[in-house]
Amino acid sequence: MGRLMGINISTYSSISPLFLLFHLLSLYPLPCLSAQNESSFIGVTIGTSVSNLLSPTDLVSFLKAQQITHVRLYDADSSLLSSLANTGIKVLVGVPNNELIALGSSTTTASAWVTRHIVPYIPSTEISGIAVGDEVPNSLPSALPVLLPALQSLRNAVLSNNLSIPVSTPLPFSLVQDPFPPSQSFFNNSLTQSFIIPFLGFLSNNSSPLMVNLYPYYAFMQSKGVVPLDNALFKPLPPSLEMVDTNTLLHYTNVYDAMIDAVHFSMKNLNFTGIPVIVTETGWPSYGDHSVEPYATKDNADTYNSNLVKHILEHTGTPSHPEFTSSVYVYELFNEDLRPGPISEANWGLFYGNGTPVYLLHVSGTGGFLANDTTNQTFCVASDEADIKAVQAALDWACGPGRANCSEIQPGESCYNPNDVRSHASYAFNSYYQMQGRGSGSCYFQGAGVVTTTDPSHGSCVFPGSKLLGSTSNTGSNTNQTARNNGSSMFKIRKGEKNYSKQVLSLILSIMMSFSLATSNFWS
């Protein structure tokens with residue numbers, strides 16, 4: 001993956017918005033603006049550098065259970081293509097970079113590739129396109145001279161078999177120069193005549209999409225603070241932080257739309273219009289080396305991908321093309337723990353290789369995509385990645401103004417051991433989370449909490465919401481807990497290892513409640 005992006009920071013920082021022009025997002029998808037928008041979709045990429053990867057049969061069952069309807073494969077895996085037959089799942093089949101020279105040098109080889117890897121699976125397996133190579137200008141520039149011949153030969157082979165399958169190649173967004181403001185963007189001049197113009201001509205003549213891998217995460221990281229984090233995560237922005245294209249006066253409330261429009265304007269500046277754009281990779285890492293990638297967190301990954309899904313399914317397009325919403329493949333389905341490179345390279349997945357969620361997307365009301373959001377058994381625990389002081393502060397809030405049931409983590413009670421901050425915080429966080437009906441944002445705690453589908457109950461310590469309880473309730477407590485509360489003469493907040501009597505605690509809580517609005521951002 002080549003996700004590098006050049007940013008003209010001086011241009012970006014000089015923009016001052018004229019006025020707020022942002023349409024509030026609805027809880028339900030807006031009416032589609034065109035036939036093109038009706039066909040926009042969200043899919044996932046499937047990499048295979050995974051320990052103990054699910055078998056093809058189990059993987060397909062998993063895709064169906066998660067209501068995933070579009071996938072991108074990086075090669076033509078015969079077992080997986082066979083297993084996808086008669087499922088209705090549409091497949092973008094990849095051609096590895098190491099096959100490009102052979103395919104671009106021989107039409108016979110290209111024809112044989114289609115005969116072997118495409119024809120046998122049609123029509124049972126719905127092949128939606130062929131992605132020839134991946135970010136070739138960056139990852140294998142020596143093959144660039146044969147990329148267009150490979151595209152043409154494969155397209156001719158598809159047509160000779162009476163098939164209607166688009167053929168294209170995923171480009172790196174780094175080919176776009178000066179991406180902001182989008183209206184002044186242009187493709188890399190050194191490749192314009194030799195590759196880009198002939199390539200765009202090929203796409204236009206064959207009704208094929210321009211495929212591009214783009215990552216607001218890297219745009220944010222490389223901007224060194226100029227691009228606001230909220231802008232990269234699709235979060236609402238105050239007018240002063242909106243991006244405004246001074247040439248078109250179009251307002252951009254997120255980096256993703258600006259990058260898409262930069263691609264459109266780059267094509268337009270070469271006199272190509274009407275070529276649809278498909279985002280073949282985008283995502284956010286959930287973990288990395290925090291000394292160099294501090295924003296690679298589960299919370300940010302959840303926020304980006306959840307908001308991306310909602311944004312696409314609203315069919316609002318981009319500021320310059322509201323009539324067309326680009327389809328997108330989220331990178332990626334599984335954490336590829338065998339990938340070399342920085343720690344973050346192995347942590348882009350929505351799930352671990354065994355199908356357990358890395359985090360739960362908050363995409364309720366979006367048509368069922370990724371059913372991991374609708375599980376009935378989720379818990380909130382303290383994040384192992386959070387600073388212990390932040391965990392302690394969140395624990396104090398949960399047991400104080402948050403009014404979580406913390407009786408079970410008192411000395412002598414069933415969840416007192418292990419007697420450490422993270423363990424006690426996990427119980428308190430989960431009590432609050434269940435009390436709030438597992439609502440969106442109720443497990444945030446300033447980044448100290450994380451949602452999990454793994455029941456954190458242990459021994460005699462049963463967490464609220466667990467199936468181990470005879471019955472559960474949204475209050476996050478049970479009958480025994482209530483009885484213990486009524487009979488308890490002491491209540492302890494873990495802070496400096498001090499015990500407070502009920503009377504002292506009441507005074508403390510009164511003071512803390514007066515500041516509850518200010519402290520409520522722990523969970524909002």
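Notes on the structure follow. Bear in mind the structure is a predicted one, so any value in this text is a computation, not a measurement.

## Points about the packing of aromatic side chains
What the rule picks out here adds up to 23 aromatic pairs. Considering the side-chain rings of Y215 and Y331, the 6.3 Å spacing of their centres and the 80° angle between planes classify their relative orientation as edge-to-face. One end of the pair, Y215, is in the loop between β9 (210–213) and α10 (216–222); the other, Y331, is in the loop between β13 (328–330) and β14 (379–382), with 116 residues separating them in the sequence. Here the two residues Y215 and Y331 agree in accessibility, since each one is buried. Considering the side-chain rings of Y432 and F445, the 5.7 Å spacing of their centres and the 70° angle between planes classify their relative orientation as edge-to-face. Of this pair, Y432 sits in helix α15 (residues 421–435) while F445 sits in the loop between α15 and β15 (449–452), and the two are 13 residues apart along the sequence. Of the two residues, Y432 and F445, neither departs from the other in class, the shared state being buried.

## Remarks on the sheet that holds strand β5 (residues 167–168)
By way of backbone hydrogen bonds, the strands of a sheet pair with one another, either parallel or antiparallel. Spatially, nine strands are ordered β5-β4-β3-β2-β1-β13-β12-β9-β6 in an open sheet, and the strand pairing comes out parallel. Edge positions in the sheet fall to β5 and β6 (170–172), since each has one partner strand and no second. As paired strands, strand β4 (residues 126–132) and β5 are joined by two bridges and run parallel to one another. Bridging from a neighbouring strand, I130 pairs with V167 of β5.

## Considerations on the environment of N347
Residue placement: N347 occurs in the loop between β13 and β14. Looking at N347, the relative accessible area reads 14%, which means it is buried. With 10 residues separating them in the primary sequence, N347 and D337 have C-alpha atoms 7.2 Å apart. Once residues within four sequence positions are removed from consideration, N347 is found in contact with W284, P285, S286, Y287 and N335. At 2.8 Å, the side chain of N347 and the backbone oxygen of I343 are in polar contact.

Conventions used here
- One numbering rule holds for all chains: residues counted from 1, following each sequence as written.
- Totals for whole chains, interfaces and linings use every residue, but because this is a predicted model, local features are given only for residues with pLDDT of at least 70 and side-chain atom pairs only at 80 or more, for both listing and counting.
- The side-chain figures draw on all heavy atoms in the structure; neither hydrogens nor water molecules are used.
- Stacked, edge-to-face and tilted are the three classes for Phe, Tyr and Trp ring pairs, Trp counted by its six-membered ring, which pair at centre distances within 6.5 Å; planes under 30 degrees apart are stacked, over 60 edge-to-face, the rest tilted.
- Secondary structure counts use DSSP, requiring at least four H or I residues in a row for a helix and at least two E residues in a row for a strand, with both numbered from the N terminus.
- For the exposure calls, accessible area comes from a 1.4 Å probe over protein chains only, and a residue counts as buried if that area is under 20% of its type's maximum, exposed if over 50%, partly exposed in between.
- When DSSP locates at least two bridges between a pair of strands, those strands are taken to pair.
- Here a residue-residue contact requires only that any non-hydrogen atoms of the pair lie within 4.5 Å.
- Within 3.5 Å is the distance limit for a polar contact, defined as a pair of N or O atoms, with the added protein rule that one can donate a hydrogen and the other accept it, and that residues adjacent in sequence qualify only through two side-chain atoms.

Keep in mind these values describe shape, not function.
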